[in-house]
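So the chains spell out like this:
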Amino acid sequence: MKADDRNETMMREALRLAREAFDDGETPVGAVVALGDTVVGRGRNRREKERNALAHAEIEAIDEACRRLGGWRLWECDLYVTLEPCPMCAGAAVNARIKSIVFGARDAKNGACGSILDLPAATTHRPAVTGGVLEEECAEILTAFFRDLRERRRTEPSAWTAANGKTEQ
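Residues numbered from 1 in each chain as written. Predicted model: local features only at pLDDT ≥ 70, side-chain atom pairs only at ≥ 80, totals over all residues. Heavy atoms only, no water.

Caption draft 1: How the structure looks around the packing of aromatic side chains. Per the counting criterion, the structure on display carries 2 aromatic pairs. Three or more aromatic residues link up through ring pairs in this structure, and these residues are Phe22, Phe145 and Phe146. (Phe/Tyr/Trp six-rings, centres within 6.5 Å; stacked < 30°, edge-to-face > 60°.)

Caption draft 2: Just the nonpolar core, in detail. In this structure, Met11, Val33, Ile62, Leu74 and Ile98 are the most contacted members of the largest nonpolar core, which totals 40 residues. Only helix 1 (3–23), strand 1 (30–35), strand 2 (38–44), helix 3 (57–69), strand 3 (77–83), helix 4 (87–95), strand 4 (100–105) and helix 5 (135–155) provide two or more residues apiece to this core. With 6 residues, the single largest contributor to this core is helix 1. Non-local contacts of Ile62, meaning those with residues more than four positions away in its chain, are made with Val33, Leu74, Ala92, Ala93 and Ala96. (Core = buried A, V, L, I, M, F, W, Y, C linked by side-chain atoms within 4.5 Å. Buried < 20%, exposed > 50% of the residue type's maximum accessible area, 1.4 Å probe, protein only. Helix = DSSP H or I, 4+ residues; strand = E, 2+ residues; numbered from the N terminus. Contact = heavy atoms within 4.5 Å.)

Caption draft 3: Layout of the packing of helix 3 against helix 4. Interhelical geometry of helix 3 versus helix 4 gives an angle of 20 degrees and a closest axis separation of 9 Å. With respect to their mutual orientation, helix 3 and helix 4 come out roughly parallel. When you trace helix 3 past helix 4, the crossing you get is left-handed. The segment helix 3 lies against helix 4, with Glu58, Ile59 and Ile62 engaging Met88, Cys89, Ala92 and Ala93. When its residues are assigned to classes, the contact of helix 3 with helix 4 shows 6 nonpolar, no polar and 1 charged. (Axes fitted to C-alpha atoms, helices over the stretch in contact; angles between N-to-C directions. Parallel < 35°, antiparallel > 145°, perpendicular 65-115°, else oblique. Left-handed = near helix turned anticlockwise from the far one by under 90°. Nonpolar A, V, L, I, M, F, W, Y, C, P; charged D, E, K, R; others polar.)

Caption draft 4: Highlighting the packing of helix 1 against helix 5. Helix 5 packs onto helix 1 with a crossing angle of 5 degrees between their chain directions and a minimal axis gap of 10 Å. Put simply, helix 1 runs roughly parallel to helix 5. For the pair helix 1 and helix 5, contact is made by Met11, Arg12, Leu15, Ala18, Arg19 and Phe22 and by Glu137, Cys138, Ile141, Ala144, Phe145 and Asp148, respectively. Within the contact of helix 1 with helix 5, the residues separate by chemical class into 8 nonpolar, no polar and 4 charged.

Caption draft 5: Representation of helix 5. Given a rise of 1.5 Å per residue, 21 residues ought to cover 30 Å, and the 30 Å separating the end C-alpha atoms of helix 5 matches this to within 8%. Cys138, Ile141, Leu142, Ala144, Phe145 and Leu149 are the residues of helix 5 that are buried. End-on, the buried residues of helix 5 take up no more than an arc of 155 degrees, which puts them together on one face. When the buried face of helix 5 is taken as reference, the exposed residues oriented beyond 90 degrees from it are Glu136, Arg150 and Arg154. (Expected span 1.5 Å × (residues − 1). Arc of directions from axis to C-beta.)

See below:
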């Protein structure tokens, strides 16, 4: 499979996982780790359900790939994620020796692969970084999620606080 076709195919799988996160009330980010044309790790955001700051899509996908392949060095693998990785996730990709990071939508507030900083370029292991793959589709699901979230906050403040483990005062 050609690189452009592979990027689109893998990003569509990451988008499928982002939709699962959306349907579960999580920020819709999905990620896959691929070894060539084979997905070896999948992940989606689960921070709210797990109440865990580490439950990012990329971390879950990298963890599954390490377990499946039997080691922490994923030097032949590519990470595909619907949103530009944050500093934690970009660091995890670097530490796992990921060959390349391919993302969809840019993250102007937290993106660590070129937006607020370029963490992969500042490390010893420097994965190739490609942004903007299926960018519009990746951005649209995030826009829809946050639009819905703002509407729920406005119309159902008690549902918002309960869903996020907060108590009303």
